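Survey of secondary and tertiary structure
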Amino acid sequence: MNKGLLLVLSELSDADVERVFVRLAGLRGIHATVADEMRVSDALVEALAVHGGAEALVRAAANPRLTSSQLCLLIEAGGDPVVAGAFPPDADAPDANAGNAGAGDAEAGATPPEGAAGEADHALDRGRRELRRPGVAAERALALLRAHPVLAHTARRGGPAGVLHTPDAPVTRTEALDQVGPALRAGVLAPREILVRMRPARVAAQVLAVVSREHSYVTGEVTIHELLRPGIVTTLGANPAAWAHLARTLGRFTGTLPELFAAASAHRGEAAIEVPAAVRPSVVFLLRRLNTDELTALIPHLDHAAAAALLPGNVPPLPNVAEAALRCGHPALLEALAQHQSIGRHYANRLKDLGDDHLDGLLVDNRSGVTAELRREIYAGRRADRPRVPMHPDLRAKLIAEPPFGSEPEAYALSGDPALVDHALPRCEARKLRRIDWIDIVLSLWERADPSVTGDILDRHGALFPDRIRSTARAALATDDPTPLRELRARWDRGPRAEPPIPEHRRPPIDRIRDTPLDQWHSWLTAAVTAGELDTEEVVRHARPARHAFEALVSIDAYQWAPGNPRPALARLAKRIGANPEAWVVLAGLAADFEGTLGELADLSCAAAG
């Protein structure tokens, strides 16, 4: 049974869910699917509690995203077996069946037994330990869950639970990251609670950084950015002294991030921002919340390592950071931008036009981020609104020393640098050069060097040139007028080479989802929706095949705290399918193999059901 189907079913009205669920209950796999980590509606859980068998109830109770009230419904219906299935016992936990005295003592505040893993004598901790003991009675479990709903989440997981049980107590990075992800997915924790309550501040910054950038796709960046930016701007802004204080104290500050921001805001004036290596990732993560103007004012005060770290290497350059780098000219940051594997043509062009020989060398070495066309422009010394300049000796020596497997002789021959052209021409493959390219070799030498040097190169390598071009070039050199070459080039020129296709990962999400079928790797779609770049309705309308569209909706639904809430689109799809149980049966049967969109599948299911 498809998990996405249950997501859509959860959006039916309460009156219709039970009728459809009863019809689907006979289909293979529906009860097992409810056990997966996914959101289900109260009405669906109620239908399962009424119509599901004992085994189905135990399976469903394993779903870690059930709310406390939903789990109570299943326990009321299934009794002690559901409790045992929902709360796996700790290996060293004592049996809870030795009467109810132990439970009464815990309720009364008695000291917990030895071996409680150092947990504080706290009501939530005591309740959690009790639920995770073998043999706890259903009545006792219900009482604990109704008194402390958060136990529906924390008592079902092993390991520490301090983030939710004692949110104001210090926590380590490892403990926090172990707890935060599942808690966010389950809806029992919000990013704002991490910001305002988690301590120390360094751990809170580390956790928010992980939440905002779980992988190369920017899953939670928008939400976390909007959460952090107001507090940072109003307290720290572009004040170097405040940031210098934050960098010095972040590693030892015991309070929360807002408390650290407030303490740092008291420091004013000019100051060098020296960021210790241990806290550099966290400080840089906070700095990225600033806009271009604020970063432009602040970057000159940063040490080189911190400035270079502003550009994360696993995503395209952040526009605010890249623009600030080009404005303020910080050498370390410009070097990091030139070496970035996802620099893109826009920023690479702007770096090239700066005319810095060192940056040109870095761009040339960045084969994965810089196009061959732009490298040709660097070899040729072309700059926007500037005359061509001689090639730097270091760049020339490096290109001549390139091994054959890394060399670009056809591009070198077009550079106009006499030594490089003389080196490259014998190594060119004639089939890779058009007729106008041979003309450009001569014209480029003429423009960048002088006619006498051009004549020397033509004398040395004239046999390589096509006859018509060689004779026209010699005639032009004899009259010291390149016009015949330019006229011949204009006659043969068929326009610029076709632009290379835009890489799939750089196309707008709406174009990708319309033109390209989904495969099992659709993280980009989850990122686009959760960042607000794509409406979930577009997934329903355009994503195909249906099975992968369902999977994408399940992934999107896990980020319920992000901007792209899928529930309105799911509700419209549920309404489109309707309350006819037979339409849902047809949909369930076709979902695995249907190659169209979810909207088309819904229409076909309704038509087939009659």
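Attention in this report is confined to the structure presented alongside it. Quick caveat, the model's predicted, so the values are computed rather than measured.

Rules behind the numbers
- Residues numbered from 1 in each chain as written.
- Predicted model: local features only at pLDDT ≥ 70, side-chain atom pairs only at ≥ 80, totals over all residues.
- Heavy atoms only, no water.
- Helix = DSSP H or I, 4+ residues; strand = E, 2+ residues; numbered from the N terminus.
- Buried < 20%, exposed > 50% of the residue type's maximum accessible area, 1.4 Å probe, protein only.
- Areas by Shrake-Rupley, 256 points an atom, 1.4 Å probe, with all protein chains shown as cover.
- Lys, Arg positive; Asp, Glu negative; His and termini not counted.
- Charge placed at Lys NZ, Arg CZ, Asp CG, Glu CD.
- Phe/Tyr/Trp six-rings, centres within 6.5 Å; stacked < 30°, edge-to-face > 60°.
- Contact = heavy atoms within 4.5 Å.
- Axes fitted to C-alpha atoms, helices over the stretch in contact; angles between N-to-C directions.
- Parallel < 35°, antiparallel > 145°, perpendicular 65-115°, else oblique.
- Left-handed = near helix turned anticlockwise from the far one by under 90°.
- Nonpolar A, V, L, I, M, F, W, Y, C, P; charged D, E, K, R; others polar.
- Core = buried A, V, L, I, M, F, W, Y, C linked by side-chain atoms within 4.5 Å.
- Patch = residues over 30% accessible without salt bridge, like charges linked within 9 Å, V, L, I, M, F, W, Y side chains within 5 Å.
- Salt bridge = Lys/Arg side-chain N within 4 Å of Asp/Glu carboxyl O.

1. So, the overall build of the chain
- Summing up its helical and strand segments, the chain has 40 helices and 0 strands in all.
- With the C-alpha coordinates aligned to their principal axes, the bounding extent of the chain is approximately 110 × 70 × 40 Å.
- Looking at the chain as a whole, 50% of its 610 residues qualify as buried.
- Surface exposure of the chain reaches about 27000 Å², of which carbon and sulfur atoms provide 53%.
- Distance between charge centroids for the chain: 4 Å, based on 69 positive and 79 negative side chains.

2. Quick word on the packing of aromatic side chains
- Per the counting criterion, the structure on display carries 2 aromatic pairs.
- Here the aromatic rings of Tyr379 and Tyr412 are separated by 5.2 Å at their centres, their planes lie at 75°, and the arrangement is edge-to-face. You can see Tyr379 sitting in helix H26 (residues 372–379) and its partner Tyr412 sitting in helix H28 (residues 409–413), a full 33 residues away along the chain. The exposure classification of Tyr379 matches that of Tyr412, with both residues buried.

3. Quick look at the side chain of His548
- Among the structural elements, His548 can be located in helix H37 (residues 546–557).
- Classification of His548 as buried rests on a relative accessible area of 10%.
- If sequence neighbours within four positions are ignored, His548 has contacts with Leu518, Asp519, Gln520 and His522.

4. Structural notes on helix H35 (residues 523–530)
- Taken across its 8 residues, H35 has 7 buried, putting it largely inside the fold.
- For H35, the full list of buried residues reads Trp524, Leu525, Thr526, Ala527, Ala528, Val529 and Thr530.

5. Quick word on unusual backbone geometry
- The residue after Arg199, namely Pro200, is reached through a cis peptide bond having omega 5°.
- Following the sequence through the fold, Pro200 ends up in the loop between helix H14 (191–197) and helix H15 (201–212).
- Cis rather than trans, the peptide bond between Arg544 and Pro545 has omega equal to -5°.
- Residue placement: Pro545 occurs in the loop between helix H36 (536–542) and H37.
- At Asp480, a residue that is not glycine, the phi angle is positive and equals roughly 55°.
- Checked against the element boundaries, Asp480 lands in the loop between helix H32 (467–479) and helix H33 (483–492).

6. Examining the environment of Gly127
- With respect to the secondary-structure elements, Gly127 resides in helix H9 (residues 123–131).
- Of the residues examined, Gly127 reaches a relative accessible area of 3% and is grouped as buried.
- For the pair Gly127 and Ala141, spaced 14 residues apart in sequence, the C-alpha separation works out to 8.9 Å.
- For Gly127, the contacting residues outside a window of four places in its chain are Leu144 and Leu151.

7. Examining the packing of helix H30 (residues 435–448) against H32
- The contact between H30 and H32 brings their axes to 10 Å, and the two run at 25°. As judged from the angle between their axes, H30 and H32 are roughly parallel. For the pair H30 and H32, the sense of crossing is right-handed. Each of Arg435, Trp438, Ile439, Val442 and Trp446 in H30 lies in contact with H32, whose residues at this interface are Ile469, Ala473, Ala476 and Leu477.
- When the residues that make up the contact of H30 with H32 are grouped by side-chain class, the tally is 8 nonpolar, no polar and 1 charged.

8. Re the nonpolar core
- Grouped together as the largest cluster of nonpolar side chains are 104 residues, with contacts concentrated most on Met198 and Trp243.
- The leading source of residues in this core is H30, at 8 residues.
- With residues near it in sequence (within four places) discarded, Met198 still touches Val163, Pro167, Val171, Ala176, Val180, Glu193, Val203, Ala204, Val207 and Thr256.
- Val17, Ala141, Trp524 and Leu587 belong to the second-largest nonpolar core, a separate cluster that totals 74 residues.

9. Comments concerning a negative patch on the surface
- On the surface, a cluster of negative charge is contributed by Asp14, Glu18, Asp42 and Glu46.
- Going through the elements one at a time, helix H2 (14–24) and helix H4 (42–51) are the ones with two or more residues in the negative patch.
- Within the secondary structure, Glu46 sits in helix H4.
- The class for Glu46 is partly exposed, based on a relative accessible area of 43%.

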